[in-house]
Amino acid sequence: MSAEKLDKSKTLFLRKKHVGPSCKIFFSQDPIKIVKAKGQYMYDENGQRYLDCINNVAHVGHCHPDVVQAGAEQMGTLNTNARFLHDNLVLYAQRLQATLPPALSVCYFVNSGSEANDLALRLARNFTGHDDIITLENAYHGHVSSLIDISPYKHHQLPDAELRPSAPSPDVYRGRYRADHPDPAAAYADDVRELIDRAHEKGRKIAAFIAESLQSCGGQVVPPAGYFQQVAAHVRRAGGVVIADEVQVGFGRVGSHFWAFQLQGADFVPDIVTMGKPIGNGHPMSCVVTTAEVAQAFASSGMEYFNTFGGNPVSCAIGLAVLDVIGKEDLQGNAVRVGQHLSDLLEALKRKHPLIGDVRGRGLFIGVELVKDRLTLTPATAEAQEVIYKLKEEKILLSADGPHRNVLKFKPPMCFTPEDAELVAAKLDPVLTGTGPAPF
Ligand code: PLP
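Criteria and thresholds
- Residues numbered from 1 in each chain as written.
- Predicted model: local features only at pLDDT ≥ 70, side-chain atom pairs only at ≥ 80, totals over all residues.
- UniProt positions renumbered as here; feature names shortened; annotations may be inferred.
- Near = placed C-beta within 6 Å.
- Helix = DSSP H or I, 4+ residues; strand = E, 2+ residues; numbered from the N terminus.
- Nonpolar A, V, L, I, M, F, W, Y, C, P; charged D, E, K, R; others polar.
- Domains from an automatic or database assignment.
- Contact = placed C-beta atoms within 7 Å.
- Axes fitted to C-alpha atoms, helices over the stretch in contact; angles between N-to-C directions.
- Parallel < 35°, antiparallel > 145°, perpendicular 65-115°, else oblique.
- Left-handed = near helix turned anticlockwise from the far one by under 90°.
- Pairing = 2+ DSSP bridges.
- Core = buried A, V, L, I, M, F, W, Y, C linked by C-beta atoms within 7 Å.
- Buried ≥ 20, exposed ≤ 12 C-beta atoms within 10 Å, placed from the backbone.
- pLDDT = per-residue confidence, 0-100.

An unreviewed UniProt entry lists the protein chain under the name Ethanolamine-phosphate phospho-lyase, from Takifugu rubripes. Regarding the protein chain, the relevant UniProt record gives this comment under Subcellular location (unreviewed entry): "Mitochondrion".

## Some remarks on the site of the ligand
S112, G113, S114, G142 and V247 are the nearest of the 14 residues found near the ligand. Here the shell around the ligand takes three residues from helix α3 (residues 113-128), the largest share from any one element. A class-by-class count of the residues in the shell around the ligand yields three nonpolar, nine polar and two charged.

## Points about the domain arrangement of the protein chain
Per the domain assignment, the segments of the protein chain are domain 1 (26-55 + 331-434) and domain 2 (69-327). Computed from C-alpha coordinates alone, the two centres of domain 1 and domain 2 are separated by 26 Å. With 22 residues of domain 1 at the contact, the number on the domain 2 side is 21 residues. Only α8 (331-352), β13 (356-362), β14 (365-370) and β17 (407-410) provide two or more residues apiece to the side of domain 1 that touches domain 2. When residues of the side of domain 1 that touches domain 2 are assigned to their parent elements, the largest contribution, five residues, is made by α8. Considering only residue class, the side of domain 1 that touches domain 2 consists of ten nonpolar, six polar and six charged.

## Describing the packing of helix α4 (residues 184-201) against helix α5 (residues 227-237)
Where α4 contacts α5, the two axes come as close as 8 Å, and the packing angle between them is 20°. Taken together, α4 and α5 sit at an angle that is classed as roughly parallel. α4 and α5 meet at a crossing whose hand is right-handed. Between α4, through A185, A186, Y188, A189, V192, R193 and I196, and α5, the contact on the second element is made entirely by Y227, Q230, V231, H234 and V235. Residues belonging to the contact of α4 with α5 are distributed by class as follows: nine nonpolar, two polar and one charged.

## Details of the sheet that holds strand β6 (residues 104-110)
Ordered by their spatial adjacency, seven strands build an open sheet running β6-β12-β11-β10-β9-β7-β8, and the pairing between neighbours is mixed. Of all strands in the sheet, those with a lone pairing partner are β6 and β8 (166-167), marking the two edges. Bridge analysis of β6 against strand β12 (residues 286-291) gives six bridges, and the strand direction is antiparallel. Bridge pairing in β12 links C107 to V289.

## Some remarks on the sheet that holds strand β16 (residues 399-401)
Taken in spatial order, the four strands of this open sheet run β13-β14-β17-β16, and their pairing is antiparallel. Of all the strands in the sheet, the pair left with one neighbour each is β13 and β16. The mean inter-strand angle of the sheet, taken between neighbouring strand axes irrespective of direction, is 30°. Relative to β14, β13 runs antiparallel, the two sharing six bridges. When the sheet's bridge partners are listed, D358 is paired in β14 with E369. Relative to β13, α8 is tilted by about 170°, and along the sheet it contacts β13, β14 and β17. The sheet strands contacting helix α9 (residues 381-393) are β14, β16 and β17, and the helix crosses β16 at an angle near 160°.

## Brief notes about the nonpolar core
Core analysis: the biggest nonpolar cluster contains 120 residues, and A124, A208 and C287 have the highest contact counts within it. Lining this core are residues from two domains, each supplying at least three of them: domain 1 (26-55 + 331-434) and domain 2 (69-327). Once you skip the residues sitting within four places of it in the chain, C287 turns out to touch L96, C107, Y108, F109, V110, A116, M275 and I279.

## Section: the environment of N307
Among the secondary structure elements, N307 is positioned in the loop between α6 (292-300) and α7 (313-328). For the pair N307 and P223, spaced 84 residues apart in the sequence, the C-alpha separation amounts to 34 Å. Leaving out residues up to four positions away in the same chain, N307 has contacts with A82, V110 and N111.

## Describing the confidence of the model for the protein chain
When pLDDT is averaged along the protein chain, the result is 90; 88% of the residues meet or exceed 70. The model gives residues 1-19 a pLDDT under 50, and that stretch makes 17 contacts with residues more than four places away or in other chains. Model confidence for the complex: the whole-complex pTM is 0.93, and ipTM, which rates the interface, is 0.99.

Structure representation (structure tokens):
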């Protein structure tokens, strides 16, 4: 049935307890029905254009012609399941590896961020022979249920919940050690060490610490410099490995580096890196990259690993085109320049509107935390929802996340322009005036 002919009266969006008869589609939020997209814009069924500030899947821009062409051409030449070797796979693995530190030399191709993290845990548990996984508070690593630490995705009754202690989120704005702490990186890393020690006291051992290099669903959190090095030292001393989840923040989004874990410095190299979302510009594709040692242990374990679609010729052709466009259009440079411009504009709004408590981020990964009071940091959750709603009326799409859902998230396609940044700031200004506490 074509989308046009879909009988809406018989189609109910299943939302929480809202269940109707006939055909249902599960959505966690009320969706806008989109019919086409181009660059940084999406269009609804009435031809209304929206500026997309949240869709970090359309990394190099929606329906980028080079990506579309690469996928279509490959579709007409060869596509197959993952049992076969093909040139695109070899080429893509080489190109991807060239973006990573040399120690990360073995790629496993899968189809989603969740699948990548699931495999990463298997690799880690197999390599270390340990079970426990440490996550960060408010973590979201996809539907590897035991890794979720943020509501409303968290399933509290999981049998293995005890094997997954979570360490405080290294948030220097709202967390337990703030920007005025003498050494927040060491203090937060020490919290991880304590969890390791506590597990040891109960006779358990750490297989892995998994974290996003910048926490996204957790509220666009930028960990303090040196945090990951110190955590890695504690984890490795206990025989565990470090997994960097780059599903949201990889592929140049932070601008200055291709991978967000590289923000910590060249002396921090994770043992396993997982990636997804931007890798295929919307085409389902993802990857796990690890060291030869971890991969060899997996290969020698006698465990089989196979998935049908991972690294198929079309996915790899699309992935190659994405890498080409990032380079050709200098999208990392754009993320630096436009990200800085947007941050400056948002900082200017912060000076004017007390509702903005904090502006943080790197490149085109920016968070704006709304608070009712800058001293108590009382989260302005309802206000954040109101801002999103009002911006949607202005045809700008934003979302809010974090444990209190009060952090506005900017993760636009990387072709975002200075004019787009200015438009967002210009529309946000009056919206903030009409929302929350009165200005100074
Ligand atoms: N990891 C992170 C950090 C994510 O944000 C997500 C999805 O939002 C995932 C993993 C899961 O990716 P997917 O939805 O492709 O399974």
